[in-house]
Structures are given as structure tokens and as C-alpha cells.
Amino acid sequence: MTEAPFDVKTLEIDGRELSARRGQTILEVARENDINIPTLCNMEGLSNVGACRLCLVEIKGSNKLLPACVATVSEGMVVSTNTERLQKHRRNILELLFAERNHVCSVCVSNGHCELQSMAQDQGLTHVRMPYRNPHLPVDASHERFTVDHNRCILCTRCVRVCGEIEGAHVWDVMGRGIDSMVITDLHEDWGKSTCTRCGKCVQVCPTGALFDKSKIGSDHPKYPDFLPYLNLMREAR
Amino acid sequence: MTIEELEQIAKTVQLENSRYDYEVNVCMDLACASQGAGLLRDALSRLAEASGKKVLIRKTGCMGPCSSGPLVRVDPDDTLYAKVKETNAEAIINSLGEKPVAELQCDLNEHFDKQVRVVLENAGHIDPEKIDDYISRDGYKALLTALTEMTPNGVVHRITESGLRGRGGGGYPTGLKWGTVAKASGDVKYVVCNGDEGDPGAFMDRSVMEGDPHRVIEGMAIAAYAVGASKGFIYVRAEYPVAVARLTTALREARRRGLLGSGICNTTFNFDIEIRLGAGAFVCGEETALLASIEGRRGTPKPRPPYPAVSGLWGKPTLINNVETYANIAPIVRNGGKWFFNMGSERSKGTKVFALTGRIKNTGLIEVPLGIKLWEIIDVIGGGVPGGHKLKAIQTGGPSGGCIPADMMSLGVSYDALMAAGSIMGSGGMIVMDDTSCMVNVARFFVEFCMTESCGKCIPCRAGTAQMYTLLTRICDGTGTMDDLELLIELCDTVRETSLCGLGQTAPNPVLSTLKYFKNEYLEHIMHKRCPAGVCSMAGAPAAQTAAAEVLA
Amino acid sequence: MSSKLKLATAWLDGCSGCHMSFLDMDERLLELAELVDVVYSPVVDTKDFPDNVDIALVEGAVASVDDEKKIRKIRAHSRMLIAMGDCAITGNVPSMRNPIGPDAILDRAYFENATIQPQIPCVVVPKLLKTVKPIHEFVKVDVFLPGCPPSADTFHTALTALITGEPLDIPALTRFGA
Amino acid sequence: MAAFTPPPLPSDDKRWKIVAGTMRKNGFARHALIETLHTVQSSFGYLDDDAIRFVAKSLRVPLSQAYGVVTFYHYFSLKPPGKHTMTLCAGTACYIKGTDKLIASAEKHLTLKAGQTTKDGQISLMTARCVGACSRAPVMICDGEVAGEVTDEQMIAQLERWAVE
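Residues numbered from 1 in each chain as written. Chains lettered and ligands numbered in written order. Predicted model: local features only at pLDDT ≥ 70, side-chain atom pairs only at ≥ 80, totals over all residues. Heavy atoms only, no water.

Novice: Where do I start with the nonpolar core in this structure?
Specialist: Across soluble globular proteins, nonpolar side chains have a tendency to be buried as a group. With 92 residues, the main nonpolar core has Y140, V155, W178, V191, M220, V236 and F271 of chain B as its most contacted residues. Top element by residues in this core is helix α11 (residues 213–227) of chain B. It accounts for 10 residues. Residue contacts for M220 of chain B: discarding those within four places in its chain leaves V191, V192, C193, G232, F233, I234, F271, I273 and Y326 of chain B. One finds A463 and A541 of chain B together with I74 and F144 of chain C within the second-largest nonpolar core, a separate group that totals 74 residues. (Core = buried A, V, L, I, M, F, W, Y, C linked by side-chain atoms within 4.5 Å. Buried < 20%, exposed > 50% of the residue type's maximum accessible area, 1.4 Å probe, protein only. Helix = DSSP H or I, 4+ residues; strand = E, 2+ residues; numbered from the N terminus. Contact = heavy atoms within 4.5 Å.)

What follows is the structure, given as C-alpha cells:
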């Protein structure tokens, strides 16, 4: 007998015996049990793209690392979420992000409320060995309420997804590719002149200071993405 | 259409051909065409007519040894002429019925003797724009056999039995893949042909699509029958306009003959194929990215599972194989799985087409049984490195592959052996390098390729390849340090292990394999600011030394 | 401890905020003075960086030819080099000129905003490097204390641990932009 | 739901009819986006904002998504090409045989960077990721004509012929 009844799976995460429902992702099970797996692109209520690679975990018996946000549980799975190998990769990925654009925490509206910043601290990052790339990137302040500072964007595409999947406007998308990728509104037009509905959801889900509310410049600028699960719940209830 | 009708067509073609005493086949593939094969063919046609001899002038796909082009083969004598110019047309026509034109004949016996032609069996023998030419060489027989005499399961079984592995690069067992799609639930399934041959230095798939397009279509139709699909897509690079045109013609002809469409060959089997154009994105060779592109979106890969076999195009079970894989199907169905299984090495069955290029005498397209030793390819088929230079390395597998050093030429070419040597089979590019190539520079070239071709979705590939490129550039321009090298190696490890798709996961291969076999070249660049091959300019080095001197002063 | 450790602090391209924060240790500076001699610092009147420094705290990024010479000298004469604050570690605010290059900055400062005699000084102002870089791009750094600036508490805890050889968990104390 | 009416053609330029034809053939399905963009590019030589807007609206694809697709694929160009196009292959086989030097030389001769067009609109210099003629490396493509084993002199001569036209 290998399958547990009622679609319940038992698995082990970081040495703890846990049970999960079939089809749940490793990340969901971990969070239900207060096991912290770092993520940046993932956000509850949005589709999962498996792009940031920070939630990679080790599965016993496999050399391949799996993204916890999309990998579903299976019976008898033995998961490790915080091995030395994973820690090293996570630090390297964070270093890559810091070196990719111009993240200057001290002058950022999100200083103190930034997911990238706090994750760097959580992962024990005190400096970046990779050469800084220093790209020349625009800041678009054409919108009456919001600003996008591409210097701080980590291309997690939460804004793209919340705009397309939740607001249904799909004003944001990604242009270009590779290291030249950039989030855009409409045909790479000024945000202020775009078809934006001004709902502000993108600002709230942005993990860094890339998208911010103009009225809060220079002040404490926390984000409130908690509306998302609620919105989804209410929609399902309809 | 029935088997009998098919045979009737073949007979008609043979009868038609028997009206001619001679067949003059002119290779019109890109390499030959770029050397005036078109004018040559026109001249041959003109002169043949004027001569009154019964000559069939046929334009064909790639004959193989491109460096000897334009190529002309005269049958029934099987005389191969190399480097034929328009002005030689008269001599060739005059020689028919007489002795061959000695000065044009080329000695490529050794080149051909080592080869075994399965995928390329028709290459150079048929006019790719004539379906009847294909039919006259057992074309579509396998499809009809499958439809009328075999169950879908039987077809899958035969492919499994053959031991065929995916020719696109990964080497996944083809039969296993077919079986998964066949078993997947759902009434709508798709069959996709990956013709997005993106590896720089590889043109096997182009040659097959251009030279023998029906072979690919037949393979796909058999696959569709086996897995229960009714719709297929061929995804071709827009950079291959001739392939697109030939496939378009071939599809039209196949429909006209009732070999595609509804109720194929009086059975209940329906299947048709659409062509989709790629638009210049290497990453679309990755299957989930390719599917996104067919759906009209940015070609960014998705995490697997779910595999396309379960959830592919528009969420439906989808079978994706490479051009060469499909090109192997018809002969396997015709000749049996065992026939194929008996060719090749222990775990790599059959033959493989390679594009042999770079610093080698006989460049071109070759097909060899797997397991063949590298030296046989380089020294015998390829004719060795020209110009008194010394062989340094062979690069296989494109940007995802690696460099195999000259002292490993006794290596047998198989999926596993190449992988163990730090490279991969890939789709079949084989680029020969001699002592004029700097291996650090080569590694940088490939990393630059991966950097510009990265889709940008996942961080390690997007930013990691860019950082690898920066570090390699430092080493190449003489400003690199040992710390940079150490960081580069660590970065390779992270990019390899954490990238979302194959592009990123294999991007470090060229660096790691050159580091494995040519570490001294890296050290020369870093410690002595010297490029042993004299390729890198080391432009940054003097400035760095001045800065150091200034500090000490 | 019979002989005190020699402590140096240096200031490259930064705002001196890290030094201010260092001084914010207030009365704890006296404790520190029991353990170390400050042999070189903007707050000490020494012209040249001395030999055989035990601990060197460096504030600021490397932005000019002078900075580069200084940091190489500091490294050559120090046993332990501590990168103090975000400028030294990430380039921080000084590095914000990197995307547009030094010429644009010089133009802005000495031409566009000049009310009299617009000219780029060549005597006192050292030649700017093309890009501002953190100090570990030039020399090996032993300890990184991020923050803008690192708090006085961070300095106190970190220095005490480094002097006494106690274990030190920097990410628990501070972070970029703290 | 009201039936969808595609937007009117941007102008009475006949080429828009060809573009509309591709979309109609595909039933105005969203997945025909790339196919349609190919038609625009082959009809007009490039894609400008008006074209992308027209295609996006006709296929009901969000504008940003369409722009994302256009800029993702190297084959699509946002700028009109020159009267003549010189494409130098930068595939591996060509690289091994010195394409980088040819590119540098052409860039110097035309005083531009690969991917750009001369100011007089006469010549575009492009690079390609392997055109599959590796056995004839290094390869250049002059207005669609493939030439192999190219020397610097041959290439410059071709550029000079175009320049004086």
C-alpha cells in the first residue's frame, strides 16, 4: 500500500512528518506548517511562474532541485528546504539581483519594507561579489498617482500578473528579453498616458520600491498586498 | 490511397525515369546554391536539350560534402563531380555515354565509406518539390503500413523497440515519450515538430526539411496515428525561407494525394499539419517555450512538470520531437525496430546526422552510426585539419555543449560518452577548432550567445549569464583575476543547478568543459596576461599594470 | 592586554555619516579606548596611514584615482580591513552616477550649476574613475558592516566581538540601507 | 455577447488587406499574433506602433502583450530597414573563421554598430545567429543572396557598390 486514503499525502519537510492534500504545492504545505521557504516572484492569489528560483528545494533521491511554488507533493517525499547547497544558490541569486540593476537601499522609498532587502538579510548577505552592472534605466513619473523606477525592478512580474489576472486590464507586460527585459505599460508608453485603470494593485504587490505611490515619497512606504487572497475568495464565492 | 496505389505511383515514376538514359542530379542546397549551382543547372538543362541525349536534370537537396560544392552526381554510373562551374556543364553533358570528366571527379570514397545513410537516404537523389520522387523511394509506405496493418500501440512498440532517442539534444527515449502521450487522456492531442534549429553551427534539420520534407511529414503522421492526434504543427525558423517554402509545397502535395487531411487512405484517421514560423529566438528550441510561441506568446519556458506530454499546446497532451527524430520514423516502421536497434552503440542506437564545420577539410553534412570514434569523423570523413595546423578541440552540442580536446579522439560518439566528457550530443553541430582558436574566447562566444538568447524570465539565466560574460570578458581583455575565475566557477554552478530551463542549465557547459581541459589557457590569460592562441587583444592589461605601478610608486 | 590594538578609520567617497554614527557610540567610545589606540582617522591628526594597523574601518566607495591608491595602501598596511557602511560595500549613493558616467556629473557640478567661472578643477579634485565601485572590487575585505549608516550599536557589538574574538553574526545586526 | 468587429484598416494602403487576410485566415484567433506580425514585417519591412496597435486590437491582444511579443523576437524590427541589407553570420563556424573581424570592419567602414542603418538609409548592417551555411563560413547575405568564404575586401567592395548607387 503506497497511497494514503482520502487523497492525503504524507511527506517529510526538514525532518518533520507532515500531511498534505493531493495537488498541494510544497510551498503551500511548508507555509501551513510555518516552515519558511524564501520566494520573490510567488504571491498568494497570483499564478505561479517559478521564475525567481529562490524557493528551490532538495528532494531526497533526486539531484534536481525543484521550485516549491509549483512542485506538488507526492507520497513519501522527503524535502529539505534549507541545506547548505540551497543557501549558497539563494545567496548567489540575490547577489545577481543586486548587481543587475541599481538598488540603492538608502535612498529607496521601500527602505525597511522591501522584500529583496529583508531577504538579503535573512539569507546572510552582507556584500555582493558580482560586478555591478550599472545599467542606465528610466524612471517614469508620468502617472498622476504612481511612479515606476526601473532601477529597482527585479522583474518578478507580480505587477504584470496582478494587472492581467486580477484587475483584468493587462496594462503591464514585459518587453525585450534576457538582461534587457523591462516591464512596460501598453506599447512602452508613458504610464500616465496608458490604459491604466489606476487601481494601484501593481504598486501594492511590488516587492521592492520599483512601483510606488507618489504621495508617500520620502516617507514610510509599506505595501499592502493582503487584498489578493480576499479578492480571490470573494470571486470564487460568487 | 492504398499501398497498391502508392506502388503504382512509384512504378509510374520509375517508368518515367526509364525514359532517360542519364540522370544528372545537381545539389541546390544553400552551400552549393551560393556557389552558382543555379546557373550550372540552367546550363546543364540547356545543353542537355541541345545535345539530343535523353537526360533528366534534377535539382536535389544536400549531398553532403558542401566544401566540394557545387556538386553534381551522374547516374546510373554514380559519378560525383565536385566544384563544378557553369563552364563545366558542356564537358559533363558531352561525357554522358563516354568516360567521366576526370578533372571534375572527386575522390571522396573514404568520406562516404564510413557513413551510413538512414535519415539522408534520399538526400541528393530526389527532387524535394516532387512528392512522387519521394514515393518512388518507398515514401509514405510506412504510413500506410502503420495505418492499415498496425495498431497505434504497435507503432509505439516498434519505436520503443528500435531504441531511438530524441535527436534534438536531450536524448530522451522516443518510444517512451510517444507512449506517455498515447496514454494521456483527452480527445484533442497535438503533434509538434521542432524545426527551430537554433544552434549556431548546425544545419542538419534545415537540410532535411529542404532536401526531403515528406520524410518529416510522414514521420509526424505516423506519430499522430500512434498517439491519437489529429493536428500537427511544424515550427520552423523564419531564417530558413527555403525550408518553409519546401514544406509548404510538400504539405500541399501530401494533401492532394490524400496523405494528409480527413480519412487518410480510406481509414478513419484524420491528420493535418500547419507551419508556424519562429522569429529568431533560440530559447524556442526548448519545448515549453516553443509551445508558447506557437500559441502566439513570448517564448518563455514554464517549469516542468507538467510535461507537454500531459499538458502542452492549449493545455492538451502534445508530442514534441525534433526534425531528425521524425525523419527516422518511416525507415524504422518500414524495416522494423530491430533493424534500427542493431545499428549504433550500446545505449545510442541508429545513426546521427552531424554538421561538420570549422577548421576541417571536408565540411558538410554527414550521417554516421552512433558509436563511431571521433578520429574517424575528423581524420577519415573530415579529411583532417587543413593548412598544417594542429587539431585542438571539437565543439559539440552548440551553446549548450562543450569542447572535447584533441587527445580524446578515440572517444565513441554516443549520448552518454559525450555527456561524460562534459559535452552533449545536442542537435548535431560539430565544430572543429585548431591552434588558431582561443578556448577562453570560444567559451565567451557561447556565453554571449546564451546571454543574448536568454528569455529573461528566471534570474540565474538572465543575470547569471550576463555576469559570466562580464567575468569572461575581464579574463579575455587581461583584467581578470584569480578571484574572478573562482567566482565564475561558482556562478556556473548556480546557473546550472537553478535555471528554469535547459538553456540556462546548460549555458555553463562551454565554460566548464574548457576549464576542465584547457585550464592552462585561462591561467595564461590571468597570470601572464597572454593569449596563447593570439586571439584575445588583452587591451585592458597594460592599463591595469600601470595602475598597479602607480600604487607602488 | 598589555599592548592595545591599533585602530584606523578612513574616509573615501562617502558622506561621513558612518563616522558620525561611529562617534554616536558616545560613552562606549571610552570603553573602546581601553582596548584600542586610534592611530589614524579623520578625527585624529595623522597625515599618513601608519604601518601595522590591526583594524582598519573604511567608509566610502572608491570613486577617484586617489581613493584607489588610498584603499590599496590601507590594505597593504592593515591586518583586518572592515568595510564600513553601504558606500564601501555597495557603492551606494556615490555609485548612482555610474549609469551616466563621471562627465555628466562634472558638467552638472562645475558648469551647469556654476554661477561664476565655470571650469572643471584639475588641481585639487582628483581624477574620477569611470565607475564608482565598492572597495572589495580592489582589495580583499575581511568584514562587511552594511548600513547607511550602520548604527552605533552595530559598531559597538561588532568591534567588541572582533577585538575579543567573540563570534559575530552581522546579518542579525544590520543590513543594506539600515 | 455582441459580435466582435475588428477595427478599420489604418489606411487604404493595400498591404493592410494582406495583413487582415492573415488574421481572417486564422479566424482572428489570439494565437495568430506572431503569424500576423510576420505578415506585417514582410509587407512593410518593419513594425511601427500603428501596426502593432492595429494587429493587437484586431486580435484582442493587450497592447503590452503585443509589444512584449514584438520585442522578444529578434526577427521583428521596429525600424525601417535600409535600401540594402548586409547580414553577417555570427554563428559558431563563422566566428571560428573570423566573422568578428568582418563585423568590426563593416562597422568601421559604415561608422555604425551592427543592427543600425546608415543615416542616408542606404545600408543596414545586421548580424544573424547562423543561417545554416556553416560549411561556407564565414558567410554574408547581401539582400538575401548568400555568399560564402567571404573576405574583408569582398565585403567592403559590396558595401562600396551600394553606397554609390
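Novice: Is there a simple way to explain the environment of K519 of chain B in this structure?
Specialist: Mapped onto the elements, K519 of chain B comes out in helix α22 (residues 509–527). Each residue touching K519 of chain B, except ones within four places of it in the same chain, is listed here: L485 and T514 of chain B.

Novice: Honestly, helix α3 (residues 49–59) of chain D in this entry has me stumped. Any pointers?
Specialist: For an α-helix the count is 3.6 residues per turn, leaving residues at separations of three or four pointing the same way. Residues and elements named next belong to chain D. Residues of α3 that are buried: A51, I52, F54, V55, A56, S58 and L59. Buried residues belonging to α3 abut α1 (15–25), α2 (33–44) and α4 (63–72). Where α3 terminates, the next one or two residues include R60, which has phi positive at roughly 55°.

Novice: Could you clarify how one ought to interpret the domain arrangement of chain B in this entry?
Specialist: Where the parts come together, the accessible area they lose is often given as the size of the interface. Residues and elements named next belong to chain B. Taken domain by domain, chain B holds domain 1 (18–108), domain 2 (138–341), domain 3 (351–434) and domain 4 (439–543). Taken over C-alpha atoms, the centre of domain 2 sits 27 Å from the centre of domain 3. At the interface, 16 residues of domain 2 touch 20 residues of domain 3. Carbon and sulfur atoms make up 58% of the surface buried where domain 2 meets domain 3, a total of about 1,500 Å² over both sides. Between the two partners, domain 2 and domain 3, sit two salt bridges. In this assembly, domain 2 and domain 3 are joined by seven residue pairs in polar contact (both at pLDDT 80 or more). Looking at the side of domain 2 that touches domain 3 residue by residue, the class counts come to six nonpolar, six polar and four charged. (Domains from an automatic or database assignment. Buried area = accessible area lost by both parts, 1.4 Å probe. Salt bridge = Lys/Arg side-chain N within 4 Å of Asp/Glu carboxyl O. Polar contact = N/O pair within 3.5 Å; in protein donor to acceptor, adjacent residues only side chain to side chain. Nonpolar A, V, L, I, M, F, W, Y, C, P; charged D, E, K, R; others polar.)

Novice: Would you mind showing me how to read the pairing of strand β3 (residues 56–59) of chain A here?
Specialist: Residue and element names in this part refer to chain A. Side chains of β3 alternate between two faces, with L56 and E58 and V57 and I59 buried alike. Examined bridge by bridge, β3 and strand β4 (residues 66–67) share two bridges and lie antiparallel to one another. Looking across to β4, one finds that L56 is bridged to P67. Remark: six residues form the turn of the hairpin made by β3 and β4, two consecutive strands paired antiparallel; G61 in that turn has positive phi of roughly 95°. Here two bridges tie β3 to strand β5 (residues 78–80), and the two strands are oriented antiparallel to one another. Bridge pairing in β5 places E58 opposite S80. (Pairing = 2+ DSSP bridges.)

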